[in-house]
Amino acid sequence: MTSADLDRRLAALGRSFRLIVTGGGTGGHTYPALTAIRTTSARLARLGSGLDVLWVGTATGLEARVAEREGIPFRTVATGKIRRSSNPLKLASPANIKDMGRVPLGAAQARAIVSDFKPDMVLSTGGYVAVPVGLAAKFCRRPLVIHEQTVRLGLANRALARAATRVAVSSESTLPLLPDSVRASAVVTGNPVRPEVLTGQPDKAISALGLTGFDPALPTIYVTGGAQGSVQINTVVRAVLPWLLTQANVIHQCGATSIEESHRYATELPNHLRHRYLVTDFVGPELPDVLALADIVISRSGAGTIAELTALGKPSILIPLATSAGNEQEHNALHLQEADAAVALLGGAVTPEGLRDAVAPLISSPGERRHMAEQARSLGRPDAADRLAEVLLDVATG
């Protein structure tokens, strides 16, 4: 199938395309869904058609706030979270039993929503809410595409994989991990990245953040623990900061709970180092420009972060969140490290000494940075949103 063939099939619909999107709870599930919606809508608009979309999620999840902000119609279903444990007895906890009791109600609600909306396609990006909606799509005989952001299928997508018409994955490395019965329906699209992330300009970061004291002859390191910050990352970075600032400029996004302490620490730095350090609680609209400026990134290894770093080709030191579901962040970090596209700091290696040993070769060697950037870029899929949109539209009209 060519894009031209698909466009002809879409034009033949003679009406707006109807899409149900489900998934959320975290940004890792929510933002790929949002990017897929925007990209699909833009593709249809170029053909003079429209997109009628309904997002199904939970009232308290991030997806509810994002949908409201974007003006996307939103419905909720009851759902329950299974609290995983290596101890089988703990799986029968009162909280799990209570939540499991909500599943039949959520399934009935989801079936009614899918039946009433009559979508051409249902897209699941994962999270507990996706399970009843995905199963409702199967019951109502509507095509279901699931998208997995991490190397290994998450719990919700594992539950839905055999019901899916197509399984879209973010990495070639995922394919051998899929059951044989699912592998034939799998396609590698990559993980959708917000288009604005790819258009950053270093000069804008310097002006927007007032980085006039940064030395252009030195590499710039961007440290982030995500929107909320990370005490673990903040602690190890602070321990090596005086040394780090003799070698590099540093932008440190520390999170709201650590900003006062971080400001106090910054004031105690020697005068000749302080001007090369910017600490902030949050990086918002400036993020694309900060990433464009950064020569090295120190961060967690969530799926969204990995997609952005590889799409941009950024050398990175990855410090996985140990409590991530299914240990997915460690898998992500090791996947990049095995490709020589990042350095993964795991477990007991997350120390000031470990961080210094990891970052020193990248600081001192532009050639090492270029090599790691090339390896990261080879894994990136900046066109992932277009690929996923094409899968959705192809499956629905095929």
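Below is a summary of the structure that appears in this document. (Residues numbered from 1 in each chain as written. Predicted model: local features only at pLDDT ≥ 70, side-chain atom pairs only at ≥ 80, totals over all residues. Heavy atoms only, no water.)

**Observations concerning the packing of aromatic side chains**
- The final tally for this structure, using the stated rule, is 0 aromatic pairs.
- A cation sits over an aromatic face here: R18 above F117, 4.0 Å from the ring centre.
- Seen from the ring of Y265, R238 lies directly overhead, with NZ or CZ sitting 5.8 Å from the centre. (Phe/Tyr/Trp six-rings, centres within 6.5 Å; stacked < 30°, edge-to-face > 60°. Lys NZ or Arg CZ within 6 Å of the ring centre and 35° of its normal.)

**Considering the side chain of Q253**
- By secondary structure assignment, the location of Q253 is in strand 9 (residues 249-253).
- Judged by its relative accessible area of 3%, Q253 falls in the buried class.
- From its side chain, Q253 meets the backbone oxygen of G226 in a polar contact 3.0 Å long.
- Among the polar contacts listed, one links the side chain of Q253 to the backbone oxygen of D281, at a separation of 2.9 Å.
- Excluding anything up to four places from it in sequence, Q253 contacts Y222, V223, T224, G225, G226, A227, G229, N234, T280, D281, F282 and V283. (Helix = DSSP H or I, 4+ residues; strand = E, 2+ residues; numbered from the N terminus. Buried < 20%, exposed > 50% of the residue type's maximum accessible area, 1.4 Å probe, protein only. Polar contact = N/O pair within 3.5 Å; in protein donor to acceptor, adjacent residues only side chain to side chain. Contact = heavy atoms within 4.5 Å.)

**Observations regarding helix 16 (residues 328-338)**
- Within the sequence span of helix 16, burial applies to Q329, N332, A333, H335 and L336. An end-on view of helix 16 places all buried positions within 155° of arc, on one side of the element.
- Elements that come into contact with the buried residues of helix 16 comprise helix 15 (303-312), strand 12 (316-318), strand 13 (343-344) and helix 18 (366-379).
- In the segment just after helix 16, D340 is the residue with positive phi, at about 65°. (Arc of directions from axis to C-beta.)

**Some remarks on the sheet that holds strand 12**
- Across the sheet, 6 strands lie side by side as 10-9-8-11-12-13; this open sheet has parallel pairing. In this open sheet, the two strands that pair with only one neighbour each are strand 10 (277-280) and strand 13. (Pairing = 2+ DSSP bridges.)

**As for helix 2 (residues 27-46)**
- Helix length check: helix 2 (20 residues) gives 28 Å between terminal C-alpha atoms against 28 Å at 1.5 Å per residue, within 8%.
- T30, P32, A33, L34, T35, A36, I37, T39, T40, R43 and L44 are the residues of helix 2 that are buried.
- Those residues of helix 2 that are buried lie in contact with helix 1 (3-13), strand 1 (17-22), strand 2 (51-57), helix 3 (62-70), strand 4 (121-124) and helix 19 (384-397).
- Remark: G48 follows helix 2 within two positions and exhibits a positive phi of approximately 75°. (Expected span 1.5 Å × (residues − 1).)

**As for the pairing of strand 11 (residues 296-299)**
- The alternating pattern of strand 11 places I296 and I298 on one face and V297 and S299 on the opposite face, and all of these are buried.
- Judged from the 3 bridges that link them, strand 8 (residues 220-224) and strand 11 form a sheet pairing that is parallel. The residue bridging Y222 from the neighbouring strand is V297, located in strand 11.
- Inspection of the sheet shows strand 11 paired to strand 12 by 3 bridges, in the parallel sense. The residue bridging S299 from the neighbouring strand is L318, located in strand 12.

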